[in-house]
Amino acid sequence: MKVLIIGSGGREHALAWKLSQSPQVKEIYCAPGNGGMRGFCIPVCVDVKDLKSLAVFAQKKQIDLTVVGPEDPLVEGISDIFKAKGLLIYGPSKNAAMLEGSKDFTRQICSRSGIKIAEGRTFTVISQALAYLDKQSYPVVIKADGLAAGKGVTIAQNHAQAVAAVKDAMEQKIFGNAGNKIVIEEFLKGYEVSVLSICSGTDAVVLAPSQDHKRIFDHDKGPNTGGMGTFSPVPAFSPQQLQWTKDHIFVPVLKTMLNQGMPYIGTLFAGLMVLEDHDIRVLEFNVRFGDPETQAILPRFQGDFFEMLYRASKGEPLTDISLKWAEESCVCVVAASSGYPGSYKKGFEIKGLDQPLEKDCTVFHAGTEKKQDRLFTSGGRVLSVASLGKDLKEAKEKSYRALKQIHFDGMYYRTDISDKAGI
Ligand code: AMP
Ligand code: GLY
């Protein structure tokens, strides 16, 4: 089988790495991929924003399955374009991708599915949003409705901050059209868990839970990033809670989407808040694999990953699939360019990747670029190291030992990934 992977991050590297382990997969193409994927994937010279040309390429190369990494092409309708050409693609339709593309849409689908979410309201008129703020207790959460590159959520500690956030989104348009509509929500307290499921329209196979570290600095300080590290499993989140999440979140959402004429095929990623009384709330949905969640989940996945995505893409039932996970824990630590998530410099040589790593320790590239067999930084999140260990402590130690072998100017990583697991 020939697979095409769309995207260039650590997530896409991990997807390609796992798919390459399937006996069915003979060739993997990447559009555009990164320096680490170049070793075992064939790079595609098509502008990744040009969805129609990607479909023409897939047709010409007789690609058997296209797997989409990031949300943007999904929200722009890549799945519809591929399907119209009779091509198999793993990822939701443009309409179904609104589960990530619009917070308001998500709130409506949750409400129709009987899923608990934070109390809140949607606004399109700024005066009404500002009037609503007068009646709130603080903190409150202000969310741009549309895609805002992970920056659209503000936790406002007081009324003045909330007013500023509403004005920034609706008046100043700092998120462009994504802020034409906003959601104001109650602030929920608890811990967050990422639960991803592989969906075939009717069935969901729930993957092992993981936990992200969104802030740039240790102890969850500083601005939000795409994610600075993850671990899996999440000891605080029990198998019963995972099953509950499947039964009370994923299954009802799939049913609602089907009833609305938008069967959901692809990864549905629920960002959950587990409240202090253990009740679970959906904070958001993403319509794709998480980054860096995928890098901590896939090393533990045992089985034919391609087979599962292939069947889901064809809309086949997945009820007979029972997943096997390595007993070991995985800790993934992201190394970023100094300055990220703000501005940063690129083009520094990355050294130390030619030395052997410990067993079950993998480097997933993201912002890396290969030039004549030398690797250079080309992005904010540069690479991640994911290690399996008998427990989170051992996995963490292995990832940090490996990071000590790697060097580039301005290399930065958090030193506390997985500490909040309390193990
Ligand atoms: P998002 O950009 O939608 O991934 O949201 C970013 C982060 O905002 C989430 O991971 C949470 O940490 C936080 N967040 C979103 N909604 C709420 C809420 N209602 N209460 C508390 N934190 C929230
Ligand atoms: N790591 C969070 C995300 O992928 O959205």
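Scroll up to find the structure this text is about.
Conventions we followed
- Residues numbered from 1 in each chain as written.
- Chains lettered and ligands numbered in written order.
- Predicted model: local features only at pLDDT ≥ 70, side-chain atom pairs only at ≥ 80, totals over all residues.
- Heavy atoms only, no water.
- Pairing = 2+ DSSP bridges.
- Helix = DSSP H or I, 4+ residues; strand = E, 2+ residues; numbered from the N terminus.
- Near = heavy atom within 4 Å.
- Polar contact = N/O pair within 3.5 Å; in protein donor to acceptor, adjacent residues only side chain to side chain.
- Areas by Shrake-Rupley, 256 points an atom, 1.4 Å probe, with all protein chains shown as cover.
- Nonpolar A, V, L, I, M, F, W, Y, C, P; charged D, E, K, R; others polar.
- Axes fitted to C-alpha atoms, helices over the stretch in contact; angles between N-to-C directions.

Draft legend 1. A look at the pairing of strand S22 (residues 368-371). Pairing of S22 with strand S23 (residues 374-377), which is carried by four bridges, proceeds in the antiparallel orientation. Bridge assignment links Lys 371 to a residue of S23, and that residue is Arg 374. In this antiparallel pair of consecutive strands, S22 and S23, the connection spans two residues, and Gln 372 shows a positive phi of 45°.

Draft legend 2. Focus on the site of ligand 2. Taken together, Asp 212, Gly 226, Phe 269, Asn 286, Arg 288, Gly 290, Asp 291, Pro 292 and Glu 293 make up the full set of residues adjacent to ligand 2. Here a nitrogen atom of ligand 2 and a backbone polar atom of Asp 291 are 2.9 Å apart. Glu 293 is positioned such that a nitrogen or oxygen atom in its side chain is 2.8 Å from a nitrogen atom of ligand 2. Taken by itself ligand 2 offers 200 Å² of open surface, and the protein chains cover 90% of this. Each residue belonging to the shell around ligand 2 can be placed in one class, and the counts come to two nonpolar, three polar and four charged.

Draft legend 3. Representation of the sheet that holds strand S6 (residues 120-123) in the model. Overall, antiparallel pairing links the four strands, which are arranged S6-S9-S7-S8 in an open sheet. Whereas interior strands pair on both sides, the edge strands pair on one side only; in this sheet they are S6 and strand S8 (153-156). Averaged over all neighbouring strand pairs, the angle between strand axes comes to 20°, with direction disregarded. Pairing geometry for strand S7 (residues 140-144) and strand S9 (residues 182-186), over five bridges, is antiparallel. Paired with Ala 144 across the strands is Ile 182, a residue of S9.

Draft legend 4. Geometry of the site of ligand 1. Taken together, 15 residues surround ligand 1, and among them Lys 103, Leu 188, Glu 192, Lys 214 and Glu 284 come closest. Glu 186 is positioned with one of its backbone polar atoms (N or O) 3.0 Å from a nitrogen atom of ligand 1. Within the side chain of Glu 192, an N or O atom sits 2.4 Å from an oxygen atom of ligand 1. Looking at the shell around ligand 1, its residues break down into eight nonpolar, no polar and seven charged.

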